[in-house]
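Given next are the chains, with one letter for each unit.
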Amino acid sequence: MSTASPGVRPAAVEVHGVHKWYGAHRVLNGVDLTVRPGEVTAVLGPSGSGKSTLLRVVNHLEKPEIGYVSVNGEPIGVRRDGGRLKELSERAILAQRSRIGFVFQNFHLFPHLTVLDNVAAAPVATGRLRRTDAQELARELLARVGLTDKAGAYPRQLSGGQQQRVAIARALALRPGVILFDEPTSALDPELVGEVLAVIEDLATSGTTLVVVTHEIGFARRVADRVVFLDGGRIVEQGPPADVLDAPRHERTRAFLSKVL
Ligand code: ADP
Ligand code: MG
């Protein structure tokens, strides 16, 4: 939980009136969301409700038709120019994106690199660290996710749970202001889910700002400061887990929870 008082530090993530559509299909329908520094936000909602699109808009993998996103007070993908929003260059967007961690459902590790080099690659590619320093950082991060002994292995030699822990270490290597997780345990065998959730929970308790799309209701109840329920591209309900999960006010939230609990 953040100890910063509002107004002293900017929000970690601020989604301002975002609409996103594909042709006639409206996927996000006016989303406003504020995530404070150090806060853990769990995003729940049925399949197709726009959860992945929301995360992809936050790091500008998708450009909203209306509205914009700020991360640590800085507009993403655009700059203000006399009251209008102007698109940034691809290079500037990449620099912004490198400060936002993203962990995918299917890990997306580089198959031809060792675990150590998967974690060390981005700080080198972005010119932030020399290779030896990046590898030292990678070793620290692998220790943090419990994979010290796998540094020399290749992704295909690891279990899904181990691969996802590498992906989390890789996200941490850029020291991001926020890490976005898109259903990080959905592709895992049930017995591997716990080890990945334990790593995410460790980040949460150490004050990292996290936005986690998940169907793991128990995890959301235990770890999230706030739960956001998305349906039909809108935030239907949000609040502390005890409110949204145990005493939902909206019928659609109740219907969804009755299916997943
Ligand atoms: P969720 O993650 O909640 O399951 P998504 O954000 O992936 O939902 O998708 C929301 C809706 O947008 C779905 O109906 C999906 O088919 C549609 N959609 C997502 N990406 C695209 C795209 N690139 N082109 C067209 N439709 C898309
Ligand atoms: Mg999704």
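This text gives an overview of the structure that appears in the document. Each chain carries its own residue numbering, running from 1 in the direction its sequence is written. Note on labels: chains are lettered from A, ligands numbered from 1, in written order. Local features in this predicted model are restricted to residues whose pLDDT is 70 or higher, and side-chain atom pairs enter the listing and the counts only when it is 80 or higher, whereas totals over whole chains, interfaces and linings include all residues. Water and hydrogen atoms were dropped before computing side-chain values, which therefore reflect all heavy atoms in the structure.

Some remarks on the overall build of the protein chain
(1) Moving on: Per the secondary structure count, the protein chain includes nine helices and twelve strands.
(2) Moving on: Taking 2.2 N^0.38 as the reference for a compact globule, 261 residues should give roughly 18 Å; the C-alpha atoms of the protein chain span a radius of gyration of 18 Å, in line with that estimate.
(3) Moving on: For the protein chain, the C-alpha atoms occupy an extent of roughly 50 × 50 × 40 Å along the three principal directions.
(4) Moving on: Classification of residues uses two cut-offs on accessible area relative to the type maximum, computed with a 1.4 Å probe and protein chains only: under 20% is buried, over 50% is exposed, and between them is partly exposed. Residue burial in the protein chain is summarised as follows: out of 261 residues, 52% are buried.
(5) Moving on: Using the Shrake-Rupley algorithm and a 1.4 Å probe, accessible areas are obtained, with residue cover drawn only from the displayed protein chains. Working note: accessible area of the protein chain is about 12,200 Å², and carbon and sulfur atoms make up 50% of it.
(6) Moving on: Put simply, the protein chain has 32 plus and 28 minus side-chain charges, and the middle of one group is 6 Å from the middle of the other. Comment: elements are numbered from the N terminus, with helices defined as DSSP H or I runs of at least four residues and strands as E runs of at least two. As a reference, a globule follows 2.2 Å times the number of residues to the power 0.38, and the radius of gyration itself is taken over C-alpha atoms. Charge counting follows a simple rule: Lys and Arg are positive, Asp and Glu are negative, and His as well as the terminal groups are ignored. Every charge is mapped onto a representative atom, which is NZ of Lys, CZ of Arg, CG of Asp or CD of Glu.

Considering the sheet that holds strand 5 (residues 74-75)
(1) Moving on: Between any two strands, at least two bridges found by DSSP are needed for them to pair. Taken together, the four strands give an open sheet; going across it, the order is 2-1-4-5, and neighbouring strands pair in antiparallel fashion. Every other strand in the sheet has two partners, leaving strand 2 (25-35) and strand 5 as the edge strands with one partner each.
(2) Moving on: As defined by bridge partners, strand 1 (residues 13-22) adjoins strand 4 (residues 66-71) across five bridges and the pair is classed as antiparallel. In the strand pairing of strand 4, Val 15 is matched with Val 69.

A short note on the environment of Glu 14
(1) Moving on: With respect to the element layout, Glu 14 can be found in strand 1.
(2) Moving on: Glu 14 sits 19 residues away from Leu 33 along the chain, and the two C-alpha atoms are 5.7 Å apart.
(3) Moving on: Working rule for contacts: check all heavy atoms of both residues, and any pair within 4.5 Å makes them a contact. If we skip the residues at most four places from it in the chain, Glu 14 touches Leu 33, Thr 34, Tyr 68, Val 69 and Ser 70.

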